[in-house]
Amino acid sequence: MTISKDFRFPVSVVFEGERLATVAAPDLDPITVAVPPEFKGPGGRWSPEHLLVAGVASCYAVTFAAIAERRGIPLHSLSITATGHVGHRDDGRMGFIAIELTPRIQTDEDFVDAAERTARAAHTACIVSSALSVPVEVTPVVRATELAFA
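Below, the structure is looked at part by part. Quick caveat, the model's predicted, so the values are computed rather than measured.

**Remarks on the environment of valine 138**
Its place among the elements puts valine 138 in strand 6 (residues 136–138). Classification of valine 138 as buried rests on a relative accessible area of 13%. A C-alpha to C-alpha distance of 6.0 Å links valine 138 and glutamate 100, two positions 38 residues apart in sequence.

In structure tokens, the structure reads:
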């Protein structure tokens, strides 16, 4: 008999009117979400599109950090810029056509190559990226941390 773990992430959404909704989850602060100005929304709030891109980028960050730790790669800093591209897909519908991630990583000089290899592959281990049919392009920038001399 196989025993598998089943994790659940419940959320609730209440439409507030005027292209605004409130997203809530147990033990978390609620977030007001709005249609972005690109789609005739008020803007000034997180949009579902921003949340999707943020989900991919933040999942990438914690996944990369976990893999680096398991592989013994020192991680001195990690920041990620992410851009989601929305356009007409091959099926003629409007939707995400790509997500670009640029992780900026600092590690020890001896680990630059290992960190770069890990950075290029980490998105395949991310649960959020794996749930999408959208290609995730990763362009890592890996640098050795400079040593400070006293």
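**Considering the sheet that holds strand 2 (residues 20–24)**
Across the sheet, three strands lie side by side as 1-2-3; this open sheet has antiparallel pairing. For this open sheet the edge positions go to strand 1 (12–17) and strand 3 (31–34), each flanked by a neighbour on one side alone. This sheet shows a mean twist of 30° between the axes of neighbouring strands, independent of strand direction. Pairing geometry for strand 2 and strand 3, over four bridges, is antiparallel. Following the sheet pairing, valine 23 is matched in strand 3 by isoleucine 31.

**So, the pairing of strand 1**
In this sheet, strand 2 lies alongside strand 1 in antiparallel orientation, the contact comprising five bridges. Pairing of glycine 17 across the sheet is with leucine 20, part of strand 2. In sequence, strand 1 turns back onto strand 2 through a hairpin of two residues, with glutamate 18 there showing a positive phi of about 50°.

Reading the values: the criteria
- Residues numbered from 1 in each chain as written.
- Predicted model: local features only at pLDDT ≥ 70, side-chain atom pairs only at ≥ 80, totals over all residues.
- Heavy atoms only, no water.
- Helix = DSSP H or I, 4+ residues; strand = E, 2+ residues; numbered from the N terminus.
- Buried < 20%, exposed > 50% of the residue type's maximum accessible area, 1.4 Å probe, protein only.
- Pairing = 2+ DSSP bridges.
- Axes fitted to C-alpha atoms, helices over the stretch in contact; angles between N-to-C directions.

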